Amino acid sequence: MISLPLMINDVILKVTINFKDLEVKKDRLDSGAKDVKESDIIIGKTHLKAYEDTKKPITDPKAITDFIRRNVNYGSENANYIEVNTKRYKDRDFYDTYIVPAPSYKPNEVNDYIYGTLVNNIRLSSPDKIKKTNISLASIGFDELFNGEFYNKIANIKNNNPNQLYIRNSLMNAGCEKQLEILDFLNTLNYENSKNNDVLLTDELDTVNAFFNDSNKINNFLTNYKNTAINNSDSYMYLATLNTLVNGKNLNWPVLSEEQQNILIKKLNSNSRAA
């Protein structure tokens, strides 16, 4: 899974991203299949472990996606899905197997990083708990594609003709194919609300951060976390604008639940009284 910190109206929250409608086969031990092991990726008759150096396992998200893409037979009936094994259970030689969609046949650096991270987090986790990785969209090249120049392009295209099909075709002709690929891929994924303890006011984070020296590791972590949330929110707004223009609707990303909104209201009231 992926955690995407976002700052929205001075509230920092985490959006959890994962593959949609995952099928999980519990307690697997395929001893009859050669080289199929824990933390393996199975693409037809090909297994990642057969190509890995045991002293230098493959963990780079883009390398994982590239390996899968090179070994998927996109012309076959079974090209839509691959199998990804978790680590073994602590007390047994069994693992879980996730059935996940194959990557697009066409490379896209942002999509490949996100896809490879989701696959990696499955294969490098225990069956009981799939880990989450915080991602900065800017650090994986998102901000190079979704920026003011791109926004001006879609604004000009919309002014010429607000028809959604016209906008998509015009963006393709204007060299914005990668941005559309990213939007289409992200719309295939599943998004979940933050847990209550992942939602906080920026004032709370700043108050905690003020207790630590500038050189302190906690200070650096909190500062980077806040900056990531701000940058991710900028990327989110560009993506949301594109989705509205191309698909005629808002992004299907979660908003704060009623309970979380009430918690934030109480915090705001408490901060007001303290002031």
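Before reading on, note that the structure itself is shown above.
Figured I'd write up the structure that's included with this text. (Residues numbered from 1 in each chain as written. Predicted model: local features only at pLDDT ≥ 70, side-chain atom pairs only at ≥ 80, totals over all residues. Heavy atoms only, no water.)

## A word on the overall build of the protein
Per the secondary structure count, the protein includes 9 helices and 10 strands. Within the protein, the fraction of its 275 residues that count as buried is 41%. By sequence separation, contacts in the protein at least 24 residues apart represent 70% of the contacts at least 6 residues apart. Roughly 15,700 Å² of accessible area belongs to the protein as shown, and the carbon and sulfur atoms make up 47% of that amount. (Helix = DSSP H or I, 4+ residues; strand = E, 2+ residues; numbered from the N terminus. Buried < 20%, exposed > 50% of the residue type's maximum accessible area, 1.4 Å probe, protein only. Contact = heavy atoms within 4.5 Å. Areas by Shrake-Rupley, 256 points an atom, 1.4 Å probe, with all protein chains shown as cover.)

## Overview of the nonpolar core
Grouped together as the largest cluster of nonpolar side chains are 58 residues, with contacts concentrated most on Ile 68, Ile 82 and Leu 171. Sequence-distant contacts of Ile 68, that is, excluding residues within four places in its chain, are made with Ile 41, Ile 43, Ile 82, Pro 103, Tyr 115 and Val 119. Within the second largest apolar cluster, 6 residues are counted, among which are Leu 205, Leu 222, Tyr 225 and Ala 229. (Core = buried A, V, L, I, M, F, W, Y, C linked by side-chain atoms within 4.5 Å.)

## Topic: unusual backbone geometry
At Asp 21, a residue that is not glycine, the phi angle is positive and equals roughly 55°. Here Asp 21 lies in the loop between strand S2 (11-18) and strand S3 (23-28). A positive phi angle, near 50°, is found at Asp 27, a position not held by glycine. With respect to the element layout, Asp 27 can be found in strand S3.

## Looking at the environment of Thr 16
The residue Thr 16 is located in strand S2 in this model. What makes Thr 16 buried here is its relative accessible area of 7%. Sequence separation between Thr 16 and Trp 253 is 237 residues, and the spatial gap between their C-alpha atoms is 9.6 Å. Setting aside chain neighbours within four positions, we find Thr 16 in contact with Met 1, Ile 2, Lys 132, Asn 190, Tyr 191 and Glu 192.

## Some remarks on the pairing of strand S6 (residues 81-85)
In terms of strand pairing, strand S4 (residues 41-43) meets S6 through 2 bridges, oriented antiparallel. Bridge pairing links Ile 42 to Glu 83 in S6. Of the pairings in the sheet, the one linking S6 to strand S7 (residues 95-101) comprises 5 bridges and is antiparallel in character. Bridge assignment links Asn 85 to a residue of S7, and that residue is Thr 97. (Pairing = 2+ DSSP bridges.)

## What to know about the pattern of salt bridges
Overall, the coordinates contain 12 salt bridges when judged by the stated rule. Of the charged contacts, one joins Lys 26 and Asp 96 as a salt bridge, the two residues approaching to 2.8 Å between their closest N and O atoms. Of the two residues, Lys 26 sits in strand S3 while Asp 96 sits in strand S7, which places them 70 residues apart along the sequence. Its relative accessible area of 0% is what places Asp 96 among the buried residues. In this structure, the salt-bridge partner of Asp 112 is Arg 69, at a minimum N-O distance of 2.7 Å. (Salt bridge = Lys/Arg side-chain N within 4 Å of Asp/Glu carboxyl O.)

## Observations concerning the sheet that holds S7
As summarised here, the arrangement of the 5 strands in space is S3-S7-S6-S4-S5, forming an open sheet in which the pairing is antiparallel. The open sheet is flanked by S3 and strand S5 (46-47), the only strands paired with a single partner. Where S3 meets S7, 4 bridges bridge the pair, whose relative direction is antiparallel. From the neighbouring strand, Arg 28 faces S7, where its bridge partner is Tyr 95. Helix H1 (residues 61-71) rests against S4, S5 and S6 of the sheet, and its axis sits at about 25° to S4. The strands touched by helix H2 (residues 109-123) are S4, S6 and S7; relative to S6, the strand with the most contacts, the crossing angle is about 40°. (Axes fitted to C-alpha atoms, helices over the stretch in contact; angles between N-to-C directions.)

## As for the packing of H2 against helix H6 (residues 177-186)
Relative placement of two packed helices is described by the angle separating their axes and the distance separating the axes. Here H2 crosses H6 at 25°, and the two axes come no closer than 9 Å. Judged on the interaxial angle alone, H6 and H2 are roughly parallel. Between H2 and H6, the residues in contact are Val 110, Asn 111, Ile 114 and Tyr 115 and Glu 181, Ile 182, Phe 185 and Leu 186, respectively. Tallied by class, residues from the contact of H2 with H6 come to 6 nonpolar, 1 polar and 1 charged. (Parallel < 35°, antiparallel > 145°, perpendicular 65-115°, else oblique. Nonpolar A, V, L, I, M, F, W, Y, C, P; charged D, E, K, R; others polar.)

## As for helix H7 (residues 202-209)
All of the buried residues in H7 are Thr 202, Leu 205 and Asn 209. Summarising the axial view, the buried residues of H7 lie within an arc of 60°, below the 170-degree limit, and thus occupy one face. In this structure, the buried side of H7 is in contact with strand S1 (2-8), S2, strand S10 (200-201) and helix H8 (217-247). (Arc of directions from axis to C-beta.)

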